[in-house]
Amino acid sequence: MDSLINSLKKIAMPAGRIMLSIMFILAGFGKITAYSGTAAYMASQGVPGVLLPLVILVELGGGLMLLVGYKTRLAAFLLGGFSVLSGLMFHLVPSMSMESMQAQMEMTNFFKNLAIGGGMAYVFANGSGGMSIDAQD
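Please read these numbers as outputs of a predicted model, since none were measured by experiment. (Residues numbered from 1 in each chain as written. Predicted model: local features only at pLDDT ≥ 70, side-chain atom pairs only at ≥ 80, totals over all residues. Heavy atoms only, no water.)

**What about the side chain of S95?**
Phase 1: Structurally, the position occupied by S95 is in helix α4 (residues 72-95).
Phase 2: Judged by relative accessible area, which is 7%, S95 ranks as buried.
Phase 3: Each residue touching S95, except ones within four places of it in the same chain, is listed here: A103, E106 and M107. (Helix = DSSP H or I, 4+ residues; strand = E, 2+ residues; numbered from the N terminus. Buried < 20%, exposed > 50% of the residue type's maximum accessible area, 1.4 Å probe, protein only. Contact = heavy atoms within 4.5 Å.)

Written out as structure tokens, the structure is:
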């Protein structure tokens, strides 16, 4: 049983890292293609649109780093922090002024962000796994 677990671990770690990265890469690219709309949305939530390039850098750059397993712990730390912070600012706080289903949807999104932050904490603690530039097996 241990050999099966070890075999699956060699596949599961990079697969999990890759699956986590896809969301950030697509989100970062989406912010580039909808730049003005994203900046306006950020401003409507009290976040200066001037921070959008930094958000894109963290999401797209961090997502690509995670994808290839380069400086994986740094990328996981930044993406995890970003996930929790954006969950607080864009989901938890707005949910407090909403009612019923709308508030419930925002809370669900907040908890998804927390779960992503937890996944990033796990990657931070355990490294990139196989199939990575960091090559930590």
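**What to know about the environment of V50**
Phase 1: When you line up the elements, V50 lands in the loop between α2 (35-44) and α3 (52-68).
Phase 2: Accessibility expressed as a relative area gives 66% for V50, which makes it exposed.
Phase 3: The spacing of V50 and A39 is eleven residues in sequence and 7.6 Å in space, taken between C-alpha atoms.

**Here we look at the layout of surface pockets**
Phase 1: Put simply, the largest pocket is a space of about 570 Å³.
Phase 2: Around the largest pocket sit 23 residues that line it, and V55, E59, F82, S86 and F90 are the ones nearest its centre.
Phase 3: Elements that contribute at least two residues to the lining of the largest pocket include exactly α1 (2-33), α2, α3, α4 and α5 (100-126).
Phase 4: Among the elements that take part in the lining of the largest pocket, α4 stands out by supplying eight residues, more than any other.
Phase 5: Its residues assigned to classes, the lining of the largest pocket comprises 16 nonpolar, five polar and two charged.
Phase 6: Taken as a whole, the second largest pocket encloses approximately 220 Å³ of empty space.
Phase 7: Contributing to the lining of the second largest pocket are K9, A12, M13, G16, R17, L20, Y122, V123, N126, G127 and S128.
Phase 8: Looking at the lining of the second largest pocket, the elements that each hand over two or more residues are α1 and α5.
Phase 9: In terms of residue count, α1 provides more of the lining of the second largest pocket than any other element does, six residues in total.
Phase 10: For the lining of the second largest pocket, a count of residues per class yields five nonpolar, four polar and two charged. (1 Å grid on protein atoms, 1.4 Å probe; cavity = no way out; pocket = protein on both sides within 12 Å on 5 of 7 lines; lining within 4 Å. Points joined across faces, edges and corners; volume = space filled by probe spheres on them. Nonpolar A, V, L, I, M, F, W, Y, C, P; charged D, E, K, R; others polar.)

**Some remarks on α2**
Phase 1: Within the span of α2, buried status applies to T38, A39 and M42. End-on view of α2: buried residues confined to an arc of 100°, all on one side of the axis. Exposed residues on α2 whose side chains face more than 90 degrees from its buried face are S36 and S44.
Phase 2: Packed against the buried residues of α2 are α1, α3 and α4. (Arc of directions from axis to C-beta.)

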